[in-house]
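Reading the structure
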Amino acid sequence: VQTCALPIYGHINFYDTLGTTYRIKRVWDQNITGTPPTGFSYGTEYTTQASILAAQFDNKTETHATHVTGIAAGGDKSIGSIYYGVAPDADIALVSYNLNDQTTDNVSLADGIKYLYGYATSVNEPCVVNMSLGTQIGPHDGTSAFDQVCDALQGKGRLLVGAAGNEGSDSLHISQNFTPANSTLKSFFNYYDNTKLTGMSDIWGDTGKTYSIRVVVYNKSTGTEVYSTPTYDAATTNSQTFNLTSTNGAIGQIQIFSERNATNAKPNAFVYSAMTSINSGNYIGVVLTAQNGTIHAWADDVDSYFSGNNIAGWTSGNSNNSISEVGGTGKQIISVGAYVSKTRFTNIQGATYDLKSETLNNIADFSSTGPTIDGRTKPDITAPGSVVISSYSSAVISGVNYKNYIVHITSVNGKSYYYGQLQGTSMSTPVVTGILATWLEVKNDLTPDEVRVILQNTAITDSYTGVIPSTGSNIWGFGKIDAWSGIMACLKASQLQILQSSNENVLIYPNPTSGNLSILFGHNDSTVQLKVFNMSGQLVYTQQIGKVTYAQEIAISLPHLATGVYLVALTGDLSYKTNHILFH
């Protein structure tokens, strides 16, 4: 499990279900100086239970990672606790992402993923990494250096699960198909906090083409530009800083960076604005011009978003292509959206909170949507992400942001451990991470491609998802995850591997049975016949099956047989199998 800020290490949820065996095996805190892990040059690694518990936490102002880790792998099954995680027996390893990493390629995050896979290899275990974090900075097409590194790291028994993002209702995106008659795209940077006039935008054109960019101060009353930077070619390497004064209609700084990206040959401009004040009636805007091609731009959606401010010719932002660059755009990563499985909760003071804006069983309003810019469907799947109860860090229980969300306290050996609600794709993602951990227990060489096939074949669809195309939906992926059906699919795939590598070519199960049998074929065959004999040698049932193909599964219903042991015989041109099976 990997998250941005780490959990409170000593929470009872990170012991086994008996509360005795500690399951956090490794911690790499990239943010403090000490002894780094082998192969890396920064941060501190904790390798023993004593050192991990002594460290306590990496961040005592947040509980995000405590909550996320508890969803994926919490094990607290003490009396009165129902808030354990999806994979309560899994080993846990953690990385605290370097918050001071200023690289555009998320190098520290990639290092963390590599570290976790390396630890899994050292103990000969499969590994699924959780990323409940994201950004809108990047090309959104799988070509970023980070996405390519992640794609290369994944494979057999190495899975990566990422949050789709919480921007599904936000005005963070603008785009346009350019022609000589439609050659300009303009939008304003609006700010969520008018006391913090800071914002970023990442703007990408088409491979091999270019566009021009300038940033302006625009006055709504006069309909004129009070100030404009020079115009820059986005395909030309530039780094420009402009210090605005009151005579420019705003006070602050604007920075424009541009280059043709070396990886995908797309023109890319990055705009950063930090204003201390903006004159009344003025707005900071970006003006893009091109003769052809398509341009996509994303605001950071933390401090700023796009708006037309009800001015003709200026474009408002939308939530299209809002899938998170880190959690949603890689070609191998399993990206997770959120649906609403719960809309209300009651805290420990007895106060009930109801999320009236959400509809039970429907997609969460905040869940980000695809597709990626290169046309791939995202997210891949959805999971519960609204009013999810999991472990809380004791460091935040008195904080105004969390104290009203606490719903349960577990007391063990005189110490209190807290549980509360949070929502977001940060919560739906570890649901899938935990589920994939259980799938890896069944088939430890599961690959990302195999996971997608299983999701496509087993995901739940209903009146809320509607009919989902074979290629998936850019809202729902393949639908709502079905953990049990996925495990059954993994069991089948695992057994087929065994059949292919042995002299066996058919499996008859379960044993014992209440009257229903399944027959799984590991090879093509013909003239297949099933016979059932009682222990006196009498034939009590026969069925002609005929031609079968590899991976075909046949269901046989025998509810009329009395309790007892029977000999089940299967014959064919290639198959010959006998099993003693108990019917009860």
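Here we come to the packing of aromatic side chains. Per the stated rule, a full pass over the model turns up 19 aromatic pairs. Judged by centre distance (6.4 Å) and plane angle (40°), the ring pair of Tyr339 and Trp476 falls under tilted. Taken as a pair, Tyr339 in strand β18 (residues 334–339) and Trp476 in the loop between α7 (448–458) and α8 (483–500) lie far apart in primary sequence, 137 residues in all. Across the pair, exposure class does not vary: Tyr339 and Trp476 are buried alike. In this arrangement the basic side chain of Lys77 is found over the ring face of Tyr84, its NZ or CZ atom lying 4.6 Å from the centre. Across from the ring centre of Tyr339, 4.7 Å away, lies the NZ or CZ of Lys480, which sits over that ring.

As summarised here, the arrangement of the three strands in space is β25-β26-β29, forming an open sheet in which the pairing is antiparallel. The open sheet has two free edges, formed respectively by β25 (506–509) and β29 (553–557), since each of these has just one partner strand. Neighbouring strand axes in the sheet, compared pairwise and without regard to direction, differ in orientation by 15° on average. As paired strands, strand β26 (residues 516–521) and β29 are joined by five bridges and run antiparallel to one another. Paired with Leu520 across the bridge in β29 is Glu553. In this fold α8 packs onto β25, β26 and β29, with an angle of close to 50° to the strand it touches most, β26.

Take α8 next. Helix length check: α8, at 18 residues, gives a terminal C-alpha distance of 26 Å against a target of 26 Å (1.5 Å per residue), a fit within 8%. What α8 keeps buried is the set Gly486, Ile487, Cys490, Ser494, Gln495, Leu496 and Leu499. N-capping of α8 is provided by Asp482, with a side-chain oxygen placed 3.3 Å from the backbone N of Trp484.

In this structure, the second largest pocket occupies an estimated 530 Å³ of space. Looking at the lining of the second largest pocket, the elements with two or more residues in it are α2 (64–73), β3 (92–96), α3 (107–122), β4 (127–131) and α6 (425–442). With six residues, α6 is the largest single contributor of residues to the lining of the second largest pocket. In the lining of the second largest pocket, the residues fall into 16 nonpolar, three polar and four charged.

Turning our attention to the pairing of strand β5 (residues 158–163). Within β5, six of the six residues are buried, leaving the element largely enclosed by the surrounding structure. Going residue by residue along β5, you find Arg158, Leu160 and Gly162 tucked away on one face and Leu159, Val161 and Ala163 tucked away on the opposite face as well. Both β4 and β5 contribute to a ladder of five bridges, which runs parallel. Counted as the bridge partner of Cys127 is Arg158 from β5. Regarding the hand of the β-α-β motif, the stretch spanning β4, helix α4 (residues 145–153) and β5 is right-handed. One ladder, built from three bridges, connects β5 with β18; its direction is parallel. Residue Gly162 lies in a different strand from β18, and its bridge partner there is Ser335.

Residue placement: Gly337 occurs in strand β18. Between the alpha carbons of Gly337 and Met427 there is a distance of 9.6 Å; along the sequence they are 90 residues apart. When neighbours within four sequence positions are excluded, Gly337 is seen to be in contact with Ala164, Ser367, Pro379, Ile381, Thr382, Ala383, Thr425 and Ser428.

A separate point is the side chain of Ser386. Tracing the chain through its elements places Ser386 in the loop between β21 (381–384) and β22 (388–392). The exposure class assigned to Ser386 is buried, which follows from its relative accessible area of 0%. A polar side-chain atom of Ser386 sits 3.2 Å from the main-chain carbonyl oxygen of Lys342. Reaching out from Ser386, the side chain makes a polar contact with the side chain of Gln423 at a distance of 3.3 Å. In contact with Ser386, other than residues within four places in its own chain, are Tyr339, Val340, Ser341, Lys342, Leu355 and Gln423.

We now examine the environment of Thr184. Along the chain, Thr184 falls in strand β7 (residues 184–191). The sequence separation of Thr184 and Val287 amounts to 103 residues, and the corresponding C-alpha distance is 7.1 Å. With residues up to four places along the chain from it excluded, the contact list for Thr184 reads Gln176, Phe178, Val287, Leu288 and Thr289.

So, how was this worked out
- Residues numbered from 1 in each chain as written.
- Predicted model: local features only at pLDDT ≥ 70, side-chain atom pairs only at ≥ 80, totals over all residues.
- Heavy atoms only, no water.
- Phe/Tyr/Trp six-rings, centres within 6.5 Å; stacked < 30°, edge-to-face > 60°.
- Helix = DSSP H or I, 4+ residues; strand = E, 2+ residues; numbered from the N terminus.
- Buried < 20%, exposed > 50% of the residue type's maximum accessible area, 1.4 Å probe, protein only.
- Lys NZ or Arg CZ within 6 Å of the ring centre and 35° of its normal.
- Pairing = 2+ DSSP bridges.
- Axes fitted to C-alpha atoms, helices over the stretch in contact; angles between N-to-C directions.
- Contact = heavy atoms within 4.5 Å.
- Expected span 1.5 Å × (residues − 1).
- Polar contact = N/O pair within 3.5 Å; in protein donor to acceptor, adjacent residues only side chain to side chain.
- 1 Å grid on protein atoms, 1.4 Å probe; cavity = no way out; pocket = protein on both sides within 12 Å on 5 of 7 lines; lining within 4 Å.
- Points joined across faces, edges and corners; volume = space filled by probe spheres on them.
- Nonpolar A, V, L, I, M, F, W, Y, C, P; charged D, E, K, R; others polar.
- Right-handed = clockwise from strand over helix to strand, strands pointing away.

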